[in-house]
Structures are given as C-alpha cells and as structure tokens.
Amino acid sequence: MHNVDIELVEMTLDVMKYAINRITNTSPELGQPKKEEELRKLVGETVTAKGIGGEKAFHLFKDVLVKATVPIDHPRHLAFVPAAPTRAAIMFDLVTSASSIHGAYWMEGAGGIFCENEAMKWLVSLTGLPSEAFGVFTSGGTAANLSAMVTAREYWRRNPDNLNEKALMITSAGAHSSIKAMAKVIDADVLLVETEDLMSAEDLKRKIAQLEGHQRKRLFAIVATGGTTNAGIIDDLDGIAQVCEQEKLWFHVDAAYGGGALAADSVRHLFKGIERADSITIDPHKWLFSPYDCGAVIYKNPELAKAAHAQEGSYLEIFKDEGAQGFNPADYQIQLTRRVRGLPLWFSLAMNGTDRYKWAVEMGIKLANLAGKLIEENTDLELIREPSLSCVLFRRKGWSPDDYINWTYKNHNDGLALVTPTKWIVNNKAETVARFCFINPDTTKEDITVILDTMK
Ligand SMILES: Cc1ncc(COP(=O)(O)O)c(C=O)c1O
C-alpha cells in the first residue's frame, strides 16, 4: 500500500490526467443526484477485504459517481452560494495534499503556515482592522463563527459574575443558520431582531431595551451579517459597532459570503464599521475562489482567541518551547490537526495578484446588476428588491411555490442550470421567489438569458 511500484506510477498519471482535464473544463456536465440504492446497484461493493483495484475504483468514480454530483463551478450553478475556485488554487490543493503538511503548529508546518499567513495578511488588510488583528483559516464559515463565539463567550466569562450564567446573543432573522446552530453548540441563547432586511442600530437598541434585567446581564455578543446568504444584505455595521462599544458587547461580523466583496471598490463603502469588529468570518471558499474547504476567522485581539482555544497536554508542551516558537494556528480556532487549507488561496494570490481578485469579485456584482436589468425588461418577471452584492431575488408573475420547484427540477434534469427558489417576506407573508447568487466570473449574459427564458 505504501510501496512505489508501476501500478502506483500508472495510477498517478491517470489521476493527473483527470485533474488536468477537469481543471481546464470550463463547462462541466451538470450532474444530478441518484438514490443511494441506484448508485450501489451501479457500482457494487467498493470496499472489500482484498480491494477492487485502483483502476476499477477510479473508473467507477469517473463514469458513475462524479456524475451524481453538481459541479459547484458550473457557470449556470446560481443556487445557494456557489463557488468558482481558480485553477491555480485547485492545482495547489493537489500540491497541498501531496506535501503532507501538518498545519496546527509552526514546529511542523512553518513554511506552509508562513504562506497561509501571507494570504491572511491580505484578508485582514481588506477589513481595515488595526495592525494587531490577525486570523486563521478554518474548515468554513460555521467553524469560524463557532471559534469566534467561543472566544467571545470565554472573554465574557472572565468576569466572575458571569461564570455560572448562560450566555445570550442577539442577531437578526437574516443571519445564517449556522449562528443559531453554533449557539446551540456553546449552549447560548439567541434572540432575533425580526428582520431579513438590514439590521439597523435602532433595531438593535430597541431589542436591547426590551431585555429584562437578567437577560441584559447574560447578553455577551451581537452578530451582524456582512452580506446575508439569502439576499446579500449588509447590516448597519458602523451603527451596530457604536452600540456594541457603548454597551460593552462583543461585535462579530459574519461576512462568510459577503466578505469577498471587501475587495470590490464599488461596494466597499457598504461595509463601513467592519473595522470596529471584535471578530469577523470570511469564507475564501465562497467569494474568494478557493477550493473547499476554506473559511477564515479574524480577531481584533488574537490573544483573546488564544486564551480561549489553546489546548494543553504533555505531548503538546514541546510546541510552546522556545525552539518551536512561531504562529500556531491550532491556538486560535476549534480544530487541532488541520491541513494548511489557506495554501491554495496563497498560491493563487501570489500567482494572479490581488487586482485580478478585485476584478473577479466585481464581475459577480456586475452580473447581479445585469440580471436585475434583464428581469426589469421582462414583462413576466419582477424584481423583489434591487440586487445586493451578487444576489438577485425576483418573482415570475403568477407562479405558485410548486411552479418554482418544478422549474428548478426541470432545469436541473435538463442539465441546463441549478437555480433554486427561496422565500422572502412580502406584506408580512413569506412568498416563494427565485434567487440568483453569482460568484463565477465566467458566467455570461447568455447564461442568464437562457435561464430567464425557461420562465416563459
Ligand atoms: C453568511 C454565512 N455564514 C455562514 C455560512 C456557513 O458557512 P460554511 O457552509 O462554510 O460552514 C454561510 C454559508 O453559506 C453563510 O452564507
């Protein structure tokens, strides 16, 4: 299994050939899921005592299994938050794996962590946080939000009065589901400002004013969103920062999706106030063109994260020794053993330069505005709201929720596009509407037109 022999060499060539073909394919087939029983019937048992051989396993993957997946970088995949990793980043994901680097501690991962930190410096510079701010790459936005919440909660518990209190945070109804899910993980309560639209400082003040005395005592953090997943809306970050400073509350900005837009001069002003955050989540695997999985958590004061996350054990003491000193990513988030998942981003940034990133993010915004214009010109369609960042919400006049669902399946089954409906509150009622989210700069006007034509 660990031998280098002719079979391994052949397999390596096959894998590399596949990778090159896939990396250079600009319009991969839009695969569809199949039922598990169906897949099992097609591929049979693959994990057996003697093994089925690399050649057979790889064929099953190429011919059957990968076809039951949706390529996230398809130019007409405009559902959820799609992705479009750069070719350089994907290639370097292969290199990252091949290099077998342990990314938890400087002692083992110094060169790789150095690269990650170069990429992180650029990310931090986009936020405008003070020079002491820094962060680490995580497995995604959920892990970044959790890491930030743990840091905030542990900081709050430095006050002995809070030691036995259940923590409470406020966010908005537009916040991502991971905020509530991760609050459960840390056993904190969440109160919502009931808006999917922008959460303003006034909304937040009102919510805080409504708290009973004991609830106010338990309030430790506010989570604002820098680009809601559903509609690309950015909360009033500056106003909320002001409230957090006055009320002495931790200010977290979840910019997992929208954070890439910090690179875009056309919308950067919408994020004013993010530079006052205590912690920020940005996912390079969303709008900064990294392969999965790559999130990031950034702290204004990384020492607070270290106090919350650094693990202790006799086997880990060597990492704190002077000879091993350096930046240890494990100290700043929830995971110990980690791949150096920021490395593909670093290589792609180094190869392409940050200006190309600016351009590619601006393309997503331009595509959303273009889609908005095409929708306005189409008498069957109506914009629900102006496009925001790279999200567009719109209705097909006269359609029921089932029509949207059937439309989604038909386009997917036809191999044309993956575009899914969402809900938006209109006149106090949740209406099913269509939604585009643009990330891939290779998506064209024709791609948008073809999809809109399917709504005739
Ligand atoms: C605003 C926001 N926060 C957090 C997340 C969760 O990120 P991940 O899926 O990388 O864990 C998402 C995912 O879409 C998101 O849009």
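What you see is a predicted model, and the numbers here were worked out from it, not measured in a lab.

## A look at the overall build of the chain
Piece 1. The number of helices and strands found in the chain is 16 helices and eleven strands.
Piece 2. Here the C-alpha radius of gyration of the chain, 23 Å, is about what a compact globule of 456 residues would show, namely 23 Å.
Piece 3. On the principal axes, the C-alpha backbone points of the chain span a range of 70 × 65 × 45 Å.
Piece 4. Of all 456 residues assigned to the chain, the portion counted as buried reaches 46%.
Piece 5. Residue pairs in contact within the chain that sit at least 24 positions apart in sequence constitute 73% of those at least 6 positions apart.

## Description of the nonpolar core
Piece 1. By size, the foremost hydrophobic cluster in this structure holds 123 residues, and its most contacted members are Met169, Phe220, Ala221, Ile222, Ile240 and Ile298.
Piece 2. Counting residues per element, this core draws most heavily on helix 5 (residues 106-127), at eight residues.
Piece 3. Here this core spans two domains, and each of domain 2 (92-352) and domain 3 (354-453) adds at least three residues to it.
Piece 4. Discounting residues that sit within four places of it in the chain, Ile222 has contacts with Met169, Ile170, Leu204, Ile240, Cys244, Leu249 and Phe251.

## Here's the deal with the domain arrangement of the chain
Piece 1. Once the domains are mapped, the chain shows domain 1 (1-30 + 33-67), domain 2 (92-352) and domain 3 (354-453).
Piece 2. Here the C-alpha centre of domain 2 lies 36 Å away from the C-alpha centre of domain 1.

## Looking at the packing of helix 6 (residues 141-156) against helix 12 (residues 302-309)
Piece 1. It is at 9 Å that the axes of helix 6 and helix 12 come closest, and there the two elements cross at 90°. By the angle between their axes, helix 6 is roughly perpendicular relative to helix 12. Residue-level contacts link Ser147, Val150, Thr151, Glu154 and Tyr155 of helix 6 to Leu304, Ala305, Ala307, Ala308 and His309 of helix 12.
Piece 2. Of the residues in the contact of helix 6 with helix 12, the class split is six nonpolar, three polar and one charged.

## Thoughts on the sheet that holds strand 6 (residues 279-282)
Piece 1. Reading across the sheet, the seven strands line up as 1-7-6-5-4-2-3 and stay open at both edges, with mixed pairing between neighbours. Edge positions in the sheet fall to strand 1 (134-138) and strand 3 (189-193), since each has one partner strand and no second. For this sheet the average axis-to-axis angle between neighbouring strands, irrespective of direction, equals 20°.
Piece 2. As judged from the five bridges shared by strand 4 (residues 219-225) and strand 5 (residues 250-255), these two strands associate in the parallel manner. Across the sheet, the residue bridging to Ala221 is Trp250, located in strand 5.
Piece 3. Across the sheet, helix 8 (residues 201-209) is in contact with strand 2 (168-172), strand 3 and strand 4; its angle to strand 3 comes to roughly 130°.

## Let's talk about the sheet that holds strand 11 (residues 429-437)
Piece 1. Taken together, four strands build an open sheet; the order of strands is 8-9-11-10 and the sheet is antiparallel. Across the chains shown, the open sheet's two edge strands, defined by having one partner strand only, are strand 8 (381-383) and strand 10 (421-426). Neighbour-to-neighbour, the strand axes of this sheet turn through a mean angle of 45°, independent of strand direction.
Piece 2. Of the strand pairs in this sheet, strand 9 (residues 391-396) and strand 11 are connected by four bridges, and their pairing is antiparallel. Within the sheet, the bridge partner assigned to Phe394 lies in strand 11 and is Ala434.
Piece 3. Sheet contacts for helix 14 (residues 354-377): strand 8, strand 9 and strand 11; angle to strand 9, the most-contacted strand, approximately 15°.

## Some thoughts on helix 10 (residues 237-247)
Piece 1. Residues Leu237, Gly239, Ile240, Ala241, Val243 and Cys244 constitute the buried set of helix 10.
Piece 2. Residues of helix 10 that are buried in the fold lie against helix 8, strand 4 and strand 5.
Piece 3. Looking one or two places after helix 10, you find Lys248, whose phi comes out positive at around 55°.

Calculation rules
Residues numbered from 1 in each chain as written. Predicted model: local features only at pLDDT ≥ 70, side-chain atom pairs only at ≥ 80, totals over all residues. Helix = DSSP H or I, 4+ residues; strand = E, 2+ residues; numbered from the N terminus. Rg over C-alpha atoms; globule rule 2.2 N^0.38 Å. Buried ≥ 20, exposed ≤ 12 C-beta atoms within 10 Å, placed from the backbone. Contact = placed C-beta atoms within 7 Å. Core = buried A, V, L, I, M, F, W, Y, C linked by C-beta atoms within 7 Å. Domains from an automatic or database assignment. Axes fitted to C-alpha atoms, helices over the stretch in contact; angles between N-to-C directions. Parallel < 35°, antiparallel > 145°, perpendicular 65-115°, else oblique. Nonpolar A, V, L, I, M, F, W, Y, C, P; charged D, E, K, R; others polar. Pairing = 2+ DSSP bridges.

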